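Secondary and tertiary structure notes
Each chain is listed here by its residues.
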Amino acid sequence: MMEQTLSIIKPDGVKKGLSGKIISIFEENGFEIKALKKVHLTKKQAEGFYCIHKERPFFNSLVAFMTEGPIMPMVLSCENAILKNRDIMGATNPKDAKDGTIRKMFAESIERNVVHGSDSLESAKFEIPYFFNVFEIL
C-alpha cells in the first residue's frame, strides 16, 4: 500500500552536514520525496509538535534540542512508507540499532538520534500537515 510518512533530519544531523547523505539513503531505498524544507522551530512550535509527549520526563529536553538549530522535515512516499522508514532509521537508541541504519551510522544518543519518523498512520496524519500544506506536497 502506498503511504506517506513524515521524516525529520534533526538539528544534530543538519549541524553535522548529514542532510544530503540521509536524503540519499531514503532515495536509494525507494522513497520519493514529496516535500522538503528547512526550518528553525520556535519553542511553541516544538511543544506543539511533540504535544503527545508533554507528560513525559524527557519533554523539556526534547523541545530544547529540537529548537537549538534548523531541522529538515520531509514527506516521504513509497509502499509501506511508515514501517520502511522506521526500519531504515533504526532503533531510537543507536546502541540498539542494526548496522547500516541511519541511527547506527550517525546518532550520538537516544535523544540526539539524527532523525524522526512517524510511528503510525495516525501520527503521519498529524505530523505531515504540521509542517506542510497541500500545495507544498507533490
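Below is a summary of the structure that appears in this document. Bear in mind that the values here come from a model prediction, so they are computed numbers and not experimental data. Going along each chain's sequence as written, the residues are numbered from 1 onward. The predicted nature of this model means local features are confined to residues of pLDDT at least 70 and side-chain atom pairs, given and counted, to a pLDDT of 80 or more, with totals for whole chains, interfaces and linings taken over all residues. Values shown for side chains rest on all heavy atoms present in the structure; no hydrogens or waters enter the calculation.

**Quick word on the sheet that holds strand 4 (residues 115-117)**
Ordered in space as 2-3-1-4, the 4 strands form an open sheet in which the pairing is antiparallel. Either end of the sheet is taken by a strand with one partner, and the two such strands are strand 2 (32-36) and strand 4. Ignoring strand direction, the axes of neighbouring strands in this sheet form an average angle of 25°. Here strand 1 (residues 2-9) pairs with strand 3 (residues 72-79) via 8 bridges, running antiparallel. The criterion for strand pairing is that DSSP finds at least two bridges linking the strands in question. The numbering of helices and of strands both runs from the N terminus, where a helix is a DSSP run of H or I of at least 4 residues and a strand a run of E of at least 2. Here an angle of 0 to 180 degrees is reported between the N-to-C directions of two axes, which are lines fitted to C-alpha atoms, with helices fitted over the stretch in contact.

**Side note on the packing of aromatic side chains**
Centres within 6.5 Å make a pair out of two Phe, Tyr or Trp rings, where for Trp the six-membered ring is used; the pair is then stacked when the planes are under 30 degrees apart, edge-to-face when over 60, and tilted otherwise. Taken as a whole and judged by the stated rule, the model has 6 aromatic pairs. Ring centres of F49 and Y50 lie 4.8 Å apart, and the angle between their planes is 85°; this geometry places the pair in the edge-to-face category. Of the two residues, F49 and Y50, both sit in the buried class. An aromatic cluster of at least three residues, connected via ring pairs, comprises F49, Y50, F126, Y130 and F131. Placement of a positive charge over a ring is assigned whenever Lys NZ or Arg CZ falls within 6 Å of the ring centre and within 35 degrees of the normal to the ring plane. Above the plane of the ring of F31 lies K84, whose end atom (NZ or CZ) is 5.6 Å from the centre. Accessibility here uses a 1.4 Å probe with only protein chains present; expressed as a share of the type maximum, an area under 20% marks a residue as buried, one over 50% as exposed, and anything in between as partly exposed.

**Let's talk about the layout of surface pockets**
A cavity, in this analysis, means grid points on a 1 Å lattice covering only the protein atoms where a 1.4 Å probe fits yet has no way out; a pocket is instead an open set bounded by protein on both sides within 12 Å along at least five of seven lines, and a residue lines either one if it has an atom within 4 Å of a point. Grid points are joined across faces, edges and corners, and a volume is the space filled by probe spheres set on the points. For the largest pocket, the calculated volume is near 570 Å³. Y50, H53, F58, L62 and H116 are, among the 23 residues lining the largest pocket, the residues nearest its centre. Those elements that place two or more of their residues in the lining of the largest pocket are strand 4 and helix 7 (121-131).

**Some details on the environment of T42**
Assignment of secondary structure puts T42 in the loop between strand 2 and helix 3 (43-49). Sequence separation between T42 and T67 is 25 residues, and the spatial gap between their C-alpha atoms is 6.0 Å.

**Concerning the pattern of salt bridges**
If the charged atoms of two oppositely charged side chains come close together, the side chains can form a pair. Salt bridges are defined by distance alone: a side-chain nitrogen of Lys or Arg within 4 Å of a carboxyl oxygen of Asp or Glu. A full pass over the atoms with the stated rule returns 6 salt bridges. Measuring nitrogen to oxygen at the nearest pair gives 3.4 Å for the salt bridge that ties K34 to E32. Residue classification places K34 among the buried positions, given a relative accessible area of 16%. For E32, a relative accessible area of 42% translates into the label partly exposed. A salt bridge links R112 to E108; its shortest N-O distance comes to 3.7 Å. Look at R112 and you get partly exposed, because its relative accessible area is 25%. Residue E108 is classed as partly exposed on the basis of its relative accessible area of 49%. Taken together, the salt bridges that share partners define one network made up of K16, E68, E108 and R112.

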